[in-house]
Number of protein chains: 2
Amino acid sequence: MSPPPVSDVVVLSGGLDSTVCLALAAREAGRPALALTFDYGQRHRVELERAAAVAREAGAEQLVVRLNAEAWGGSALTDPAIEVPSGGGEGLPATYVPGRNIIFLAVALGVAEAKGADRVWIGVNALDYSGYPDCRPPLIKAMRHVARVGQQRGVEGRPVEIRAPLQHLSKADIVRLGLEVGAPLRLTWSCYRGGPAPCGSCDACLLRAKGFAEAGAPDPSLE
Amino acid sequence: MSPPPVSDVVVLSGGLDSTVCLALAAREAGRPALALTFDYGQRHRVELERAAAVAREAGAEQLVVRLNAEAWGGSALTDPAIEVPSGGGEGLPATYVPGRNIIFLAVALGVAEAKGADRVWIGVNALDYSGYPDCRPPLIKAMRHVARVGQQRGVEGRPVEIRAPLQHLSKADIVRLGLEVGAPLRLTWSCYRGGPAPCGSCDACLLRAKGFAEAGAPDPSLE
């Protein structure tokens, strides 16, 4: 019997964390995962180019899911009328996209079930993050329950498994892990702003720089 | 202080159940809800026209969310290569769209949070249905938990509320309720096939006919 065409679905944004996830999934399964990238009207379109480049380098098939989230707004990442804040502010930043990872996981579960894949991977991180509620372990746990009760595979007792291997790692640990598994970190993009080069001042740039500094490695995307 | 622009978001497919939900939400809030319609590549495009007509008749603003679910396939409702079965078969029918209501609720929660709405309504029905796991009460309960732990409003202790008022009603009860609240049932569409008129033989047509018959009312969409 031939194996199903895909065993793993990885949510791939083109950022550091999801790129490391893609490499982890391939290492475990012994073959490339399906890379699931969301085009949700994000202002920083460079992210989408980087995601495509990462998937290509990994030899992974890429499925681009289009979702017109700009139609309902509510975030600096999709609404040009809301400014991207510089890092270090208090409270939930304007870059929060309401329910983003809930939607990403819901779609990833649907794709996995349709394709016969056993696992969904997402690079959420609860330690070095911007305080988004949809990046925290309780949400991952809640979505695992959704997979058990809301999908046909789940009610048959073999739910799609949700893996979030970076949940409890620091950004430095993620950098180290990425270097260890040979993830193409030079192709990744983290900046919330869509300029030709990373701005160096938004939350995402600050966290990334801190991660590479603490891991004692240069950021290959800046070379 | 003026009220927020929207208090309720209703998932509106243009079918019987969601149209009744839209009327129930408006009755409770005393003003029209935001109608949230998904264009997910469904073959029966007439559904989208009916949803727009229902929203217009209700005086409701409509937000159409586009999602290219046809790109990942797996259902007779999005993939022309899979035939829509006639009703009465055993097991999960080919019309199951993997994770559809999970995705719809995830997006509806995001829209509600972005718009400052307090409630999301969905017309799922656990009694007269085709056996889809994403229509059952455990999924609704699981998604309520997702709203509590995965959204900013939820972690602040005022989660978006998910209403599924038709969950335990028979199709006949839904017809009676729709007539009582003055929902525009004549505009609704249930057939899984996209012909110019309902086919009368798919699961959706059979359930609908049974509902009107048991309610002792003629189906105004057939007049």
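Residues numbered from 1 in each chain as written. Chains lettered and ligands numbered in written order. Predicted model: local features only at pLDDT ≥ 70, side-chain atom pairs only at ≥ 80, totals over all residues. Heavy atoms only, no water.

All right, on to the overall build of chain A then. Of the regular secondary structure elements, chain A holds 7 helices and 5 strands. Its helices and strands taken in sequence order, chain A reads β-α-β-α-β-α-β-α-α-β-α-α from the N to the C terminus. Since a compact globule built from 223 residues should have a radius of gyration of about 17 Å, the 17 Å found for chain A is in line with a globular shape. For chain A, the spread of C-alpha atoms along the three principal axes comes to 50 × 40 × 30 Å. Within chain A, contacts between residues at least 6 apart in sequence are counted, and of these 71% link residues at least 24 apart. Carbon and sulfur atoms form 52% of the exposed surface of chain A, whose accessible area is close to 8,700 Å². Of the side chains in chain A, 23 bear a positive and 24 a negative charge, and the two mean positions are spaced by 3 Å. (Helix = DSSP H or I, 4+ residues; strand = E, 2+ residues; numbered from the N terminus. Rg over C-alpha atoms; globule rule 2.2 N^0.38 Å. Contact = heavy atoms within 4.5 Å. Areas by Shrake-Rupley, 256 points an atom, 1.4 Å probe, with all protein chains shown as cover. Lys, Arg positive; Asp, Glu negative; His and termini not counted. Charge placed at Lys NZ, Arg CZ, Asp CG, Glu CD.)

With that out of the way, let us pick up the sheet that holds strand β4 (residues 119-121) of chain A. Residue and element names in this part refer to chain A. An order of β3-β2-β1-β4-β5 is seen for the 5 strands of this open sheet, with the pairing classed as parallel. Either end of the sheet is taken by a strand with one partner, and the two such strands are β3 (62-66) and β5 (161-163). Strand-to-strand twist of the sheet, defined as the mean angle between neighbouring strand axes without regard to direction, takes the value 25°. Pairing of β4 with β5 involves 3 bridges; the strand directions are parallel. By the bridge assignment, Val120 is partnered in β5 with Ile162. Those strands touched by helix α1 (residues 16-29) are β1 (8-11), β2 (34-39), β4 and β5, and its axis lies near 170° from that of β1. (Pairing = 2+ DSSP bridges. Axes fitted to C-alpha atoms, helices over the stretch in contact; angles between N-to-C directions.)

Each side of the interface is counted separately: chain A has 37 residues, and chain B has 37 residues. For the pair chain A and chain B, the two sides together bury roughly 3,000 Å², of which 70% comes from carbon and sulfur. Together, Asn68(A), Trp72(A) and Ile102(A) form the three largest contributors to the area buried by chain A at its contact with chain B, with a combined 18%. Scanning the region where chain A abuts chain B turns up 0 salt bridges. Mapped onto the side of chain A that touches chain B, the elements with two or more residues apiece are β3, α3 (100-115), α4 (137-150) and α5 (152-155) of chain A. At 9 residues, α3(A) tops the list of elements feeding residues into the side of chain A that touches chain B. Across the side of chain A that touches chain B, the residue classes break down as 23 nonpolar, 9 polar and 5 charged. (Buried area = accessible area lost by both parts, 1.4 Å probe. Salt bridge = Lys/Arg side-chain N within 4 Å of Asp/Glu carboxyl O. Nonpolar A, V, L, I, M, F, W, Y, C, P; charged D, E, K, R; others polar.)

Before going further, it helps to spend a moment on the pattern of salt bridges. Scanning the model with the defined rule gives 24 salt bridges over all chains in all. Arg27(A) is the partner of Glu180(A) in a salt bridge, and the nearest nitrogen-oxygen pair spans 3.5 Å. With a gap of 153 residues between them, Glu180(A) in helix α6 (residues 171-181) and Arg27(A) in helix α1 connect regions that are remote in the sequence. Looking at Glu180(A), the relative accessible area reads 59%, which means it is exposed. Ionic pairing is found between Arg208(B) and Asp219(B), a salt bridge with its closest N-O pair at 2.6 Å. Separated by 11 residues along the polypeptide, Arg208(B) in helix α7 (residues 203-215) and Asp219(B) in the segment after α7 bring together distant segments of the chain. On the basis of relative accessible area, Arg208(B) is assigned to the buried category, the value being 6%. When salt bridges that share partners are traced, they join Glu28(A), Glu161(A) and Arg163(A) into one network. (Buried < 20%, exposed > 50% of the residue type's maximum accessible area, 1.4 Å probe, protein only.)

In this section: α6(A). Residues lying three or four places apart along an α-helix face the same way, a consequence of the helix completing one turn every 3.6 residues. Residues and elements named next belong to chain A. Those residues of α6 that sit buried are Lys171, Ala172, Ile174, Val175, Leu177, Gly178 and Val181. Taken together, the buried residues of α6 touch α1 and α7 (203-215). Gly182, located one to two residues past α6, shows a positive phi value of around 75°.

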